[in-house]
Amino acid sequence: MNIDKSSVVPIYYQLKMVIQERIKSGQYAVGMCLPSEREFCEEYGISRMTVRQAISDLVKEGLLYRERGKGTYVASPKIEQGLTKLTSFTEDMLNRNVKPGVRLVELKQIKADEHLEKILQVEPGTLLHELSRVRLADDEPMAIERVYVPVHFYPALSAEQVAHGSLYEVLRKEAHLTIHEAVQSIEATLAGPHEAELLNIKPKSAVMLMKRITQNANGEIFEYAESIYRGDRYIFKTKLYANTP
Ligand code: 16G
């Protein structure tokens with residue numbers, strides 16, 4: 001792929017396409033350091049400003065990342081996540097041959113406040129497990145989850161059970177719960193300083209806040225989860241069907 005200076009397509013955009021193409025073909029492999037701005041300028045006889053614009057666009061889009069004082073590197077491709085199946089984080093990772101991981105932040109019991117009472121449809125003051133974990137993909141932090149499960153569904157839930165593996169598996173096997181359906185929403189938000197530290201991203205990075213309310217086969221709500229997913233590592237995808245007349 002070459003750059004055509006007489007084209008109506010801006011030069012920075014053409015350079016973007018060239019770099020994207022090289023990433024796609026594997027010429028620029030994941031983790032590889034990109035040639036310097038000067039090298040691109042010389043290769044194509046274009047200005048540094050133009051090179052900078054192409055690269056910063058690709059950084060914004062998550063294809064490249066910068067390491068201060070070192071250079072610009074090729075990022076791992078984003079994880080593409082469907083939005084039609086009710087799956088656990090562990091299942092999502094195993095389905096794409098990625099190693100799921102957990103960093104337990106805290107497991108404690110709390111009394112439901114008014115907000116959680118309404119969501120979980122429980123009596124005032126009902127005891128809830130509050131489970132906070134960082135979820136990892138091939139050892140890289142991907143999401144922070146805070147999950148609320150009314151204690152009566154499974155009083156024995158312990159930190160050991162969820163510090164390394166799947167909550168859904170514990171609920172299925174130990175609490176004999178049938179995980180049936182969920183309503184899930186996605187909102188755009190910015191990572192706070194604590195979240196940024198846990199996810200190893202810059203504060204105020206764009207992240208996605210997912211909320212899930214999950215029911216068992218009897219229609220009882222057994223989970224309310226709030227998860228923060230890295231915007232630079234995830235794409236959520238869903239299939240849409242037109243109304244048929
Ligand atoms: C997902 C769910 C979360 C659930 C967790 C169980 C979203 C937004 N959240 O992360 O509600 O608690 O999976 O995963 O998808 P686990 O069984 O691997 O612990």
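Quick caveat: nothing in here was measured; it's all calculated off a predicted structure.

Engineer: Which residues make up the environment of Gly219, and what values go with them?
Structural biologist: Note on placement: Gly219 falls in the loop between strand S8 (206-216) and strand S9 (221-230). Separated by 13 residues in the primary sequence, Gly219 and Ala206 have C-alpha atoms spaced 34 Å apart.

Engineer: Got a sec to walk through helix H2 (residues 37-44)? Specific residues and values, please.
Structural biologist: For an α-helix the count is 3.6 residues per turn, leaving residues at separations of three or four pointing the same way. Every buried residue of H2 is listed here: Phe40, Cys41 and Tyr44. For H2, the arc enclosing every buried residue in end-on projection is 100°, short of the 170-degree limit, so these residues lie on one face. Residues of H2 that are buried in the fold lie against helix H1 (11-25) and helix H3 (48-60). Gly45, located one to two residues past H2, shows a positive phi value of around 60°.

Engineer: Can you explain the layout of surface pockets? Please cite residues and give values.
Structural biologist: Here the largest pocket defines a volume of roughly 800 Å³. Surrounding the largest pocket, 25 residues form its lining, Tyr65, Ile201, Lys202, Arg230 and Asp232 being those nearest its centre. Elements with a minimum of two residues in the lining of the largest pocket: H3, strand S1 (64-67) and strand S6 (140-150). When its residues are assigned to classes, the lining of the largest pocket shows 10 nonpolar, five polar and 10 charged. In terms of domain composition, the lining of the largest pocket takes at least three residues from each of domain 1 (11-74) and domain 2 (79-237). The computed volume of the second largest pocket comes to approximately 500 Å³. If you trace the second largest pocket, you find 32 residues lining it, with Leu86, Thr87, Tyr168, Gln184 and Arg212 closest to the centre. Across the lining of the second largest pocket, the residue classes break down as 14 nonpolar, 10 polar and eight charged.

Engineer: So what's going on with the pattern of salt bridges? Residues and values would help.
Structural biologist: It is possible for side chains of opposite charge to pair when their charged atoms get near one another. Applying the stated criterion to the full structure yields 19 salt bridges. With a closest N to O distance of 3.2 Å, Lys237 and Glu80 form a salt bridge. Residue Lys237 is found in strand S10 (residues 234-237), and its partner Glu80 is found in strand S3 (residues 79-82); the two are separated by 157 residues along the sequence. The exposure class of Lys237 is partly exposed, given its relative accessible area of 47%. Salt-bridge contacts for Arg172 lead to Glu91; the nearest nitrogen and oxygen are separated by 3.3 Å. One end of the pair, Arg172, is in helix H7 (residues 167-173); the other, Glu91, is in helix H4 (residues 89-95), with 81 residues separating them in the sequence. Residue Glu91 is classed as partly exposed on the basis of its relative accessible area of 26%. Within the structure, one salt-bridge network assembled from shared partners comprises Glu140, Arg230, Asp232 and Arg233.

The rules behind the values
- Residues numbered from 1 in each chain as written.
- Predicted model: local features only at pLDDT ≥ 70, side-chain atom pairs only at ≥ 80, totals over all residues.
- Heavy atoms only, no water.
- Helix = DSSP H or I, 4+ residues; strand = E, 2+ residues; numbered from the N terminus.
- Buried < 20%, exposed > 50% of the residue type's maximum accessible area, 1.4 Å probe, protein only.
- Arc of directions from axis to C-beta.
- Contact = heavy atoms within 4.5 Å.
- 1 Å grid on protein atoms, 1.4 Å probe; cavity = no way out; pocket = protein on both sides within 12 Å on 5 of 7 lines; lining within 4 Å.
- Points joined across faces, edges and corners; volume = space filled by probe spheres on them.
- Nonpolar A, V, L, I, M, F, W, Y, C, P; charged D, E, K, R; others polar.
- Domains from an automatic or database assignment.
- Salt bridge = Lys/Arg side-chain N within 4 Å of Asp/Glu carboxyl O.

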